[in-house]
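Chain and residue survey
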Amino acid sequence: MLYYFSKNIEILTKNNRLGVDYMTNKEKIANLIFPEILETIQDLEKKYPVRDLEEGAIVTRFAPSPTGFLHTGSLFTSLVSWRFAKQTNGVFFIRLEDTDQKREIKGSGEKVLEQLNIFGVNPDESYLNGGNYGPYVQSERKPIYHSVIKEMLVKGIAYPCFCSHDDLAETRKYQEENKLLPGYYKEFAKCRTLTDEEVIEKITKGDSYVIRFKSFGDEINKVDLYDAIRGHIQFPQNMQDIVIMKSDLLPTYHFAHAVDDHFMRTTHVTRGEEWLSSVPIHLDLFEALDFKLPIYCHFPVIMKLDDGKRRKLSKRKDAEASVDYFLEQGYPITGFLEYLMTLANSNFEEWRIQNTEIDLFDFSLTFDKMSVDGALFDLEKIKSICKDRLSYMNADTFANEALKYAKEYNKDFEEVILRDLNYFKSIINIERDQPKPRKDYEKYSDVLPIIDFMYDDFYQDLFQGGLEFNERYTKEFLIEILEEYKVNNGLNLEQDEWFANLKQMAVDKKFAARGKDFKKRPEEFVGTVGDYAEILRLATCAKKNTPNFYSVLEILGKEKVLERINKTIEYLKG
Ligand code: GLU
């Protein structure tokens, strides 16, 4: 470490004050490149002090690139990072990594924050609400990167590289042909050997350049990493002189990661496992800069089973890779979060079975219970968890959430709910308020197609589409049944009695009370009680499947039920 920082940085500022003549050549180069930069690493250390947090509190961050929609994997990463910070009374912040300006999609940074907000993942500090460790947008942090690079230039651990694409391609070709490690290192790092005078001349002439980090490492050495999720890992040491500043003066990911996570005082770098292979570079940079190494936590990549094979959930191929997909479909937020928690920690599900009622975030995540070899994304499981969560939601919350969803994604549904919120709630409440609630809905977009017949205009459309009575029954027989039901419908009775009455009427018309009797002796019956109920259901709902029929009739009310039965009789009479 000492080889990097043998000089006291104050000399640099003193020399500046004394004038160019007293400068070393390296200082001249640094000043030529960054004439405006006066702040030193020491100044930055003071400006962004280690955070004053209680013991054990950790600082995590989520660092999206503004390149489009929020990926399901990013929601997972940010949710888990946020939970780790919050459960220790630490800090969670969001930094926008916009240094690849060609790939930037305007507005996507804001969109990501909006979407995270929907899931309750709200940062303590971000590019929207600020904080003491900002700016929180990398392109606005240029002076910080430049201060660090300026000092690295003086120390000789960074240097300008003037190699063109062609120069680099030629080197690569040579390395390939000779089966050598590709890259810019040791003897292949041509610009390492330029004299300071040559560098000054090229810069003065206006030649284009990037800045590279000068690595003192060697591939034959091994370096160790302790990853909070994966334990100890050994890597070959980095020896590449990676680019730290591009010709557009913006930093590369690796360098910005070191500088930002150091000065933003991240204690735990929680990021996707795709960054694991870059760790040797990061270890090299942190050491060279004499920055305290944060704890790395490389999260599993979200995988999907495709034709029996595991592969990464892909932005291009999979609709479910976008968080938008789940929002548009109206999966309940709590159900989706709950699912992501099962992906995060293998013991979450067991905990949930024992703690069904309490907040899911009462569960404390641990790094050692995270999967190391990819988390398998299971759409069926999401559906089943969401169904479960929706069934336990009370009707008020359900209605409010459904309305929120409808407002955003389905205007027709919104209009229907708002016709009469209480009516909507009573429909939603069917078989809900009970120890084992019915699981009718998996997402909010399921609701209207299931309950539409409860509204006259939708009923009318369904009716117009035709009533699919079982062809076994003649029109006359159906009319007879409906006429009788009009007179003796039991609509004033409690559910059990109502059903007993319905059953008796069915039996009187030669429907078998039990399915198995019909199966055994079909010649004795015209069908089952189920078939009988289906006739009534079709007549009153224009559908064969509905939520609990008794509740449906009760909510529709006697008048409407009779009106619909009459309408059906008319229809049958043709
Ligand atoms: N901007 C990087 C990405 O989107 C962030 C990686 C990190 O969290 O350090 O992959």
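All of these numbers come straight from a predicted model, not from anything done at the bench.

**Details of the nonpolar core**
Looking at soluble globular proteins, one finds that nonpolar side chains tend to be buried together. With 111 residues, the main nonpolar core has Val148, Met152, Ile211, Ile244, Phe255, Phe263 and Phe377 as its most contacted residues. If near-sequence neighbours (up to four positions away) are discounted, Ile244 is found in contact with Ile149, Met152, Ala158, Ile211, Arg212, Phe213, Leu250, Pro251, Thr252, Phe255 and Leu285. Core analysis: the next-biggest nonpolar cluster, separate from the first, contains 59 residues, Phe463, Phe469, Leu553 and Ile565 among them.

**Topic: a negative patch on the surface**
Taken together, Glu494, Asp496, Glu497 and Glu554 make up a surface patch of like negative charges. Note on placement: Glu494 falls in the loop between α20 (475–487) and α21 (495–508).

**A short note on the pairing of strand β5 (residues 222–227)**
Looking down a regular strand, the side chains alternate between one sheet face and the other. Residues Val223, Leu225 and Asp227 point to one face of β5 and are all buried, whereas Lys222, Asp224 and Tyr226, pointing to the other face, are not buried. As judged from the six bridges shared by β5 and strand β6 (residues 231–236), these two strands associate in the antiparallel manner. Following the sheet pairing, Val223 is matched in β6 by Phe235. Linking β5 to β6, which pair antiparallel, is a turn of three residues.

**Regarding the packing of α20 against helix α23 (residues 529–541)**
Any two packed helices are characterised by how steeply their axes cross, that is the angle between the axes, and by the distance between the axes. Where α20 meets α23, the closest approach of the two axes is 11 Å, and the angle between their N-to-C directions is 80 degrees. The orientation of α20 relative to α23 falls into the category roughly perpendicular. Contacts from Leu478, Ile481, Leu482 and Tyr485 of α20 reach α23 at Tyr532, Ile535, Leu536 and Ala539. Its residues assigned to classes, the contact of α20 with α23 comprises eight nonpolar, no polar and no charged.

**Concerning the layout of surface pockets**
Its boundaries defined by the atoms lining it, the largest pocket holds a volume of some 1,100 Å³. As for the largest pocket, its lining consists of 36 residues, and the residues nearest its centre are Ala63, Ser65, Ser74, Glu274 and Trp275. Looking at the lining of the largest pocket, the elements that each hand over two or more residues are β1 (59–62), α4 (72–86) and β8 (268–272). Sorting elements by how many residues they give to the lining of the largest pocket places α4 first, with four residues. Put simply, the second largest pocket is a space of about 470 Å³. Along the wall of the second largest pocket there are 20 residues; nearest its centre are Thr334, Arg352, Leu360, Arg389 and Met393. Mapped by element, the contributors of at least two residues to the lining of the second largest pocket are α12 (333–344), α14 (379–392) and α15 (395–409).

**Comments concerning the sheet that holds strand β12 (residues 375–376)**
Within a sheet, each strand pairs with its neighbour through backbone hydrogen bonds, oriented either parallel or antiparallel. Across the sheet, three strands lie side by side as β11-β10-β12; this open sheet has mixed pairing. Looking at which strands have only one partner, the edges of the open sheet turn out to be β11 (309–312) and β12. The pairing of strand β10 (residues 302–306) with β12 spans two bridges and is classified as parallel. Within β12, the residue paired with Ile302 across the bridge is Ala375.

**A closer look at the pattern of salt bridges**
On inspection of all chains with the given rule, the structure shows 46 salt bridges. For the salt bridge of Lys205 with Asp207, the shortest nitrogen-to-oxygen distance reads 3.6 Å. On the basis of relative accessible area, Asp207 is assigned to the partly exposed category, the value being 24%. With a closest N to O distance of 2.9 Å, Asp318 and Arg311 form a salt bridge. The exposure class of Arg311 is buried, given its relative accessible area of 17%. Salt bridges here are not isolated pairs; linked through shared partners, they connect Arg61, Arg95, Glu97, Arg141, Asp260 and Asp261.

**Comments concerning the packing of α12 against α14**
Look at α12 against α14: their axes get within 8 Å of each other, and the N-to-C directions meet at 130 degrees. Between α12 and α14, the crossing angle belongs to the class labelled oblique. Viewed along their axes, α12 and α14 form a crossing whose handedness is right-handed. In this structure, α12 contributes Thr334, Gly335, Phe336, Glu338, Tyr339 and Thr342 to the contact, and α14 contributes Lys381, Ile382, Ile385, Cys386 and Arg389. Partitioning the contact of α12 with α14 into residue classes produces five nonpolar, three polar and three charged.

**Structural notes on helix α17 (residues 421–428)**
Residues three or four positions apart in an α-helix share a direction because the helix packs 3.6 residues into each turn. Of the positions making up α17, those classed as buried are Tyr423, Phe424, Lys425, Ile427 and Ile428. For α17, the secondary structure elements touched by its buried residues are α15, α16 (411–419), α18 (447–451) and α24 (549–556).

Conventions we followed
- Residues numbered from 1 in each chain as written.
- Predicted model: local features only at pLDDT ≥ 70, side-chain atom pairs only at ≥ 80, totals over all residues.
- Heavy atoms only, no water.
- Core = buried A, V, L, I, M, F, W, Y, C linked by side-chain atoms within 4.5 Å.
- Buried < 20%, exposed > 50% of the residue type's maximum accessible area, 1.4 Å probe, protein only.
- Contact = heavy atoms within 4.5 Å.
- Patch = residues over 30% accessible without salt bridge, like charges linked within 9 Å, V, L, I, M, F, W, Y side chains within 5 Å.
- Areas by Shrake-Rupley, 256 points an atom, 1.4 Å probe, with all protein chains shown as cover.
- Salt bridge = Lys/Arg side-chain N within 4 Å of Asp/Glu carboxyl O.
- Lys, Arg positive; Asp, Glu negative; His and termini not counted.
- Charge placed at Lys NZ, Arg CZ, Asp CG, Glu CD.
- Helix = DSSP H or I, 4+ residues; strand = E, 2+ residues; numbered from the N terminus.
- Pairing = 2+ DSSP bridges.
- Axes fitted to C-alpha atoms, helices over the stretch in contact; angles between N-to-C directions.
- Parallel < 35°, antiparallel > 145°, perpendicular 65-115°, else oblique.
- Nonpolar A, V, L, I, M, F, W, Y, C, P; charged D, E, K, R; others polar.
- 1 Å grid on protein atoms, 1.4 Å probe; cavity = no way out; pocket = protein on both sides within 12 Å on 5 of 7 lines; lining within 4 Å.
- Points joined across faces, edges and corners; volume = space filled by probe spheres on them.
- Left-handed = near helix turned anticlockwise from the far one by under 90°.

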